[in-house]
Amino acid sequence: MTGAHRGGRVRVAVTGIGVRSPAGNTPDEVFATLLAARSTAAVVPGLAERGMAVRFACLVPFFDTDAHIGRREARQIDRPTALVLCAAADAVADAALTPVAEPERAGVQIGTGVGGLASMEATTRDHGERPSAMPVHTVPRTMANSAACRIAMRHGFHGECTTYATACASGTTAIGEAARRIRHGELDVALAGGVDAPVTPVIMGGFHRLRALSVRNEAPERASRPFDADRDGFVMGEGAAVLVLERWDRARARGARIHGEIAGYAATCDAFHIVAPRPDGEPASRCMRLALADAGCAPADIGHINAHGTSTLLNDRSEARAIARCFDGHSPPVTAMKGVTGHLVGGSGALEAALALLCADRGLVPPVANLRSSPEAGMVDLVVGAPRAVPPAPVLSNSFGFGGQNSCLVLAPAPAGDRPATTRALR
Amino acid sequence: MADREQLALVLRTAVADVLGTDIDEVDETTDLITDYGVDSLELMEIGARLERNLDLRIEIEDLTRTRTVGEAVDLLAARSAGRA
């Protein structure tokens, strides 16, 4: 397996990971929080004071931006960009990437669900009455591609820089598309990931109007409960995750530590309803099958599934049906991280891909937080109560977004010879 | 009418805020282009703050023509006097 991709393609290595998430600001911290199935949802004072219908969310714990962002830049950017710049800097450091020998072969691929909408909401609030007095940097701060382009500027990457908007699947789409760019020979290196920071009164209010959010205000820590019979909607989160992707042979040649591989990717669209998933999950199931085929994997090769698992009845039920279809009733162990992290919207797919890869590599599948009993238990093998040990094997990571957007990644742990010493010690 | 010292303080505060530095780092010899590589958006933001705080109309082109903070204070003083 060291020589070639299972599907006979150029291989794409993951050599760096950086995160800013409710469950922690390093991958190991997030991994520990996931294994403990500890929910990070809590009351948000700004929402509570305004008497919002939903008064809690999963926020990123305090992190020091000074190390990565100067005061001058800080006042020109918004929170999602700050989150993703810090995550990207960590990923680059983790990959020991700099300096990049050929910056024109290095690109940035970032997904975001709502981009600068939150800061435009604040601009409207503060300057809506007198738009002529708004800060000069309002447009560069709020434009959808701001985060990706700030990363490119910071690291001097002159290759393709693209921002993807596939709603809640955006982070997964960005990683998959970055892998395609590398496979197709357009890039050698990519910073790929996702970000959102949508915990604001108007954005939360909008999701609440769809009845998409949990209203369990009296017990936020029990609100996000993917696949559980007692779920009542998803919990909004915020955060960013960025991966360094590289052509495998390049990563090997420079002696990089390889976390694993983006082995397969596919995307489909329900073309059914603007927010509700197709109940039978057929287009999502086809997306999984295509991602497996892209990776050269049979269903039996998959060690576990990181489900999108939002904790909404409609998503979880159709996803369970989709998994049952794809795996013909033989479901691998299924986990869903949103019970711990909440829903980072565009950040989710990237955070989950990174952590799913670590879980696959370490052979431990975290339990789904707050899951007691599931009406979907007959269709999928949900990990309940305690982490499940699995042999190191590729993991399927699902993301499904409003608009009927389906994106699936297959990530494979590095073969034993390419595995970092620290990871081996953990096994 | 604000005196020169007050004008300098307002300008130095705006510059320090926009360029993310301390007011003590900005004096009348500070050259925004050579010392800070100020870009046009930042200059416009500095100008907007001056207009707001001094209730003056300042053309960005005029501000661009000044080399140092001291020269910009001179410009503001002239404008301020002209208005009075």
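Residues numbered from 1 in each chain as written. Chains lettered and ligands numbered in written order. Predicted model: local features only at pLDDT ≥ 70, side-chain atom pairs only at ≥ 80, totals over all residues. Heavy atoms only, no water.

Further remarks concern the overall build of chain B. Within chain B, the secondary structure is distributed over five helices and zero strands. Secondary structure elements in chain B, listed N-terminal to C-terminal, are α-α-α-α-α. Computed over the C-alpha atoms, the radius of gyration of chain B is 11 Å, within 12% of the 12 Å expected from 2.2 N^0.38 for a compact globule of 84 residues. For the C-alpha atoms alone, the extent of chain B along its principal axes is close to 35 × 25 × 20 Å. The long-range share in chain B, meaning contacts at least 24 apart out of those at least 6 apart in sequence, stands at 53%. Per element, the accessible surface of chain B, about 4,600 Å² overall, is 49% carbon and sulfur. Of the side-chain charges in chain B, 9 are positive and 20 negative, and the distance between the mean point of each set is 6 Å. (Helix = DSSP H or I, 4+ residues; strand = E, 2+ residues; numbered from the N terminus. Rg over C-alpha atoms; globule rule 2.2 N^0.38 Å. Contact = heavy atoms within 4.5 Å. Areas by Shrake-Rupley, 256 points an atom, 1.4 Å probe, with all protein chains shown as cover. Lys, Arg positive; Asp, Glu negative; His and termini not counted. Charge placed at Lys NZ, Arg CZ, Asp CG, Glu CD.)

All names here are of chain A. Where helix α11 (residues 282-295) meets helix α12 (residues 313-326), the axes come as close as 8 Å, and the angle between the chain directions of the two elements is 45 degrees. As summarised for this structure, α11 and α12 are arranged oblique, according to the angle between their axes. As for the relative orientation of α11 and α12, their crossing is right-handed in sense. Facing Glu282, Ala284, Ser285, Met288, Arg289 and Leu292 of α11, the residues of α12 in contact are Glu319, Ala322, Ile323, Arg325 and Cys326. Here the contact of α11 with α12 is composed, by residue class, of six nonpolar, one polar and four charged. (Axes fitted to C-alpha atoms, helices over the stretch in contact; angles between N-to-C directions. Parallel < 35°, antiparallel > 145°, perpendicular 65-115°, else oblique. Left-handed = near helix turned anticlockwise from the far one by under 90°. Nonpolar A, V, L, I, M, F, W, Y, C, P; charged D, E, K, R; others polar.)

On to the UniProt feature "domain: Ketosynthase family 3 (KS3)" (unreviewed entry) in chain A. Under the UniProt annotation, "domain: Ketosynthase family 3 (KS3)" (unreviewed entry) lies at residues 9-413 of chain A. With 34% helix and 19% strand, residues 9-413 of chain A has end C-alpha atoms that lie 17 Å from one another. (UniProt positions renumbered as here; feature names shortened; annotations may be inferred.)

To continue, consider the side chain of Asn315 of chain A. All names here are of chain A. Residue position: Asn315 is located in helix α12. Assessed through its relative accessible area of 8%, Asn315 is described here as buried. Polar contacts involving the side chain of Asn315 include one to the side chain of Asp316, which spans 3.0 Å. Residues contacting Asn315, with those up to four places away along its chain left out, are Pro277, His308, Gly309, Thr310 and Phe400. (Buried < 20%, exposed > 50% of the residue type's maximum accessible area, 1.4 Å probe, protein only. Polar contact = N/O pair within 3.5 Å; in protein donor to acceptor, adjacent residues only side chain to side chain.)

Let us now look at unusual backbone geometry. Residues and elements named next belong to chain A. Positive phi values are uncommon outside glycine, yet Ala37 reaches one of about 50 degrees. Mapped onto the elements, Ala37 comes out in the loop between α1 (27-35) and β2 (42-43). Of the residues examined, Ala37 reaches a relative accessible area of 24% and is grouped as partly exposed. Positioned with a positive phi, Ser311 is a non-glycine residue whose angle comes to about 85 degrees. Among the structural elements, Ser311 can be located in the loop between β9 (304-306) and α12.

Moving on: the UniProt feature "domain: Carrier" (unreviewed entry) in chain B. Mapped onto this numbering, the UniProt entry gives "domain: Carrier" (unreviewed entry) at residues 2-80 of chain B. Within residues 2-80 of chain B, the helical portion is 67% and the strand portion 0%, while the C-alpha atoms at the span's ends are 7 Å from each other.

The next point concerns the pairing of strand β6 (residues 189-196) of chain A. All names here are of chain A. Here β6 lies mainly inside the structure; eight of its eight residues are buried. Here β6 shows a buried face lined by Val189, Leu191, Gly193 and Val195 and a second buried face lined by Ala190, Ala192, Gly194 and Asp196. For strand β4 (residues 106-111) and β6, the ladder comprises six bridges, and the chain directions are parallel. Its bridge partner being in β6, Ile110 is matched across the sheet by Gly193. The pairing of β6 with strand β7 (residues 239-247) spans eight bridges and is classified as antiparallel. Residue pairing in the sheet places Ala190 in a bridge with Leu245 of β7. (Pairing = 2+ DSSP bridges.)

Residue and element names in this part refer to chain A. Scanning all chains against the criterion turns up two aromatic pairs over all chains. Aromatic pair Phe207 and Phe234: ring centres 5.7 Å apart, planes at 75 degrees, arrangement edge-to-face. Placement of the pair is Phe207 in helix α9 (residues 201-209) and Phe234 in the loop between α9 and β7, with a sequence separation of 27 residues. Each member of the aromatic cluster is reached from another via a ring pair, and the members are Phe207, Phe234 and Phe402. When the ring centre of Trp248 is taken as origin, the NZ or CZ atom of Arg11, which lies over that ring, is 3.7 Å away. Residue placement shows Arg362 over the ring face of Phe31; its charged tip is 4.6 Å from the ring centre. (Phe/Tyr/Trp six-rings, centres within 6.5 Å; stacked < 30°, edge-to-face > 60°. Lys NZ or Arg CZ within 6 Å of the ring centre and 35° of its normal.)

Moving on: the pattern of salt bridges. Residue and element names in this part refer to chain B. Evaluated as defined, the whole model comprises 39 salt bridges over all chains. In this structure, Asp74 engages Arg4 in a salt bridge whose closest nitrogen and oxygen atoms are separated by 2.4 Å. Of the two residues, Asp74 is situated in helix α5 (residues 69-83) and Arg4 in helix α1 (residues 4-18); the sequence distance between them amounts to 70 residues. Look at Asp74 and you get partly exposed, because its relative accessible area is 42%. (Salt bridge = Lys/Arg side-chain N within 4 Å of Asp/Glu carboxyl O.)

Let us look at the nonpolar core. In summary, soluble globular proteins display a tendency toward joint burial of nonpolar side chains. All names here are of chain A. With 37 residues, the main nonpolar core has Ile175, Leu245, Ile262 and Leu355 as its most contacted residues. Residue assignment for this core shows that the elements contributing at least two residues are β1 (12-20), α1, α8 (170-183), β6, β7, β8 (260-269), α14 (348-362) and β15 (405-413). Broken down by element, this core gets its largest block of residues, ten residues, from α14. Discounting chain neighbours no more than four positions away, the residues touching Ile175 are Ala192, Gly193, Leu243, Leu245, Ile262, Ala350, Ala353 and Leu409. Core analysis: the next-biggest nonpolar cluster, separate from the first, contains 31 residues, Leu83, Ala106, Val108 and Val195 among them. (Core = buried A, V, L, I, M, F, W, Y, C linked by side-chain atoms within 4.5 Å.)

This brings us to the side chain of Asp294 of chain A. All names here are of chain A. Examined against the element boundaries, Asp294 turns out to sit in helix α11. Taking the relative accessible area as the measure of exposure, Asp294 reaches 11% and is therefore buried. If sequence neighbours within four positions are ignored, Asp294 has contacts with His5, Arg9, Arg183, Ala263, Gly264 and Tyr265.

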